[in-house]
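Take a look at the letters that make up each chain.
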Amino acid sequence: DEIVVADLDLSMIDQVRFEDPAEAAGAMADFPGVKRRLEYKGMCEGSRVYDDYAHHPTEVEAALTALRDLEPERLVAIFQPHLYSRTKVFRDSFGAALALADEVIVLDVYPARELPVGPLAGVSGMDVLRALADRSGGRASWWAPTLDAAERAARARAVEGGILVTIGAGDITKVLAFRGLERTGVDEAQAGDIVAIAGLPEATVSHTLCAPEVTEP
């Protein structure tokens with residue numbers, strides 16, 4: 001039930017022929033997939049973990065649509081915007097695309113070559129989070145400004161039969177990396193570094209922030 005994503009040059013299709021359907025099935029079974037394109041990483045607390053390089057709204061939408069077809073119990077997207085300029089231009093489109101997930105964890109912008117100065121001053125991942133809140137129908141969305149906060153938030157949202165997917169072109173790959181994916185036990189999210197947009201009715205959810213509930217030891 002894993003997804004295999006492959007980009008094929010149409011000019012090569014006629015050169016790829018299998019007389020035996022079983023041979024074709026065997027060849028596909030051995031195909032490991034394309035790195036960072038819905039790449040399967042392992043299991044975390046009963047959820048399958050995927051990673052995708054998507055950093056444009058149409059790519060995000062395609063990735064989440066494909067994962068939705070697997071009918072997970074809960075689809076959680078962990079998204080890191082890439083570049084302040086792209087975030088400023090596409091924040092609304094990112095929000096619409098991410099609304100395909102059941103829950104979303106948004107990190108701050110991965111700046112790469114840019115600085116948040118001049119016309120980019122004030123741009124942050126929170127812009128995407130607010131745009132998402134306007135389109136998510138009251139479902140909870142999470143602000144995790146650091147990789148560590150995103151890791152703990154993601155593990156806390158894992159469920160049996162669910163899917164966790166990291167999305168972005170920055171260092172988001174460090175979240176839910178190979179280390180410890182099979183371990184059990186999840187650290188509780190701590191108030192102060194992870195903030196949830198409350199699951200309120202759609203008319204009131206926009207820009208409404210609250211700290212997540214924390215279970216006392």
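Up top is the structure.
Residues numbered from 1 in each chain as written. Predicted model: local features only at pLDDT ≥ 70, side-chain atom pairs only at ≥ 80, totals over all residues. Heavy atoms only, no water.

Student: Please provide a residue-by-residue account of the pattern of salt bridges, values included.
Tutor: In this structure the tally under the stated criterion is seven salt bridges. With a shortest N-O distance of 3.7 Å, E103 and R74 are connected by a salt bridge. Of this pair, E103 sits in strand β4 (residues 103-106) while R74 sits in the loop between α2 (57-68) and β3 (75-79); the two residues are 29 residues apart in sequence, bridging distant segments of the chain. Residue E103 is classed as buried on the basis of its relative accessible area of 11%. Judged by its relative accessible area of 22%, R74 is partly exposed. Among the salt bridges present, the one from R152 reaches D148, with a minimum N-O distance of 3.3 Å. In this pair, R152 and D148 are both assigned in helix α5 (residues 147-157), four residues apart and thus about one turn of the helix distant. Relative accessible area serves as the criterion here: at 11%, R152 is assigned to the buried category. One salt-bridge network, in which partners are shared between bridges, spans R74, E103 and R157. (Salt bridge = Lys/Arg side-chain N within 4 Å of Asp/Glu carboxyl O. Helix = DSSP H or I, 4+ residues; strand = E, 2+ residues; numbered from the N terminus. Buried < 20%, exposed > 50% of the residue type's maximum accessible area, 1.4 Å probe, protein only.)

Student: Please give an account of α2 that cites residues and values.
Tutor: Taking 1.5 Å of rise per residue, the twelve residues of α2 would be expected to cover 16 Å, and the 16 Å separating its terminal C-alpha atoms lies within 8% of that figure. Buried within α2 we find P57, V60, A63, L64 and L67. Looking straight down α2, one finds its buried side chains confined to an arc of 130°; they lie on one side. Residues of α2 that are buried in the fold lie against β2 (47-52), β3, α3 (84-98) and β6 (163-167). (Expected span 1.5 Å × (residues − 1). Arc of directions from axis to C-beta. Contact = heavy atoms within 4.5 Å.)

Student: Report on the packing of α2 against α3, specifying residues and quantitative values.
Tutor: Running from amino to carboxyl end, α2 crosses α3 at an angle of 5°, the nearest separation of the two axes being 9 Å. On the basis of the axis angle, α2 is roughly parallel to α3. In this structure, α2 contributes P57, V60, E61 and L64 to the contact, and α3 contributes F90, S93, F94, A97 and L98. Across the contact of α2 with α3, the residue classes tally to seven nonpolar, one polar and one charged. (Axes fitted to C-alpha atoms, helices over the stretch in contact; angles between N-to-C directions. Parallel < 35°, antiparallel > 145°, perpendicular 65-115°, else oblique. Nonpolar A, V, L, I, M, F, W, Y, C, P; charged D, E, K, R; others polar.)

Student: Any chance you could break down the pairing of strand β1 (residues 39-44) for me, citing the residues and the numbers?
Tutor: Relative to β2, β1 runs antiparallel, the two sharing five bridges. Each residue of the ladder has a partner; that of C44, found in β2, is S47. Remark: two residues form the turn of the hairpin made by β1 and β2, two consecutive strands paired antiparallel; E45 in that turn has positive phi of roughly 55°. (Pairing = 2+ DSSP bridges.)

Student: Any chance you could break down the side chain of E103 for me, citing the residues and the numbers?
Tutor: Side chain to side chain, E103 and R157 meet in a polar contact 2.7 Å long. E103 has contacts with R74, L75, V76, A77, A140, W142 and R157, leaving out every residue within four places of it along the chain. (Polar contact = N/O pair within 3.5 Å; in protein donor to acceptor, adjacent residues only side chain to side chain.)

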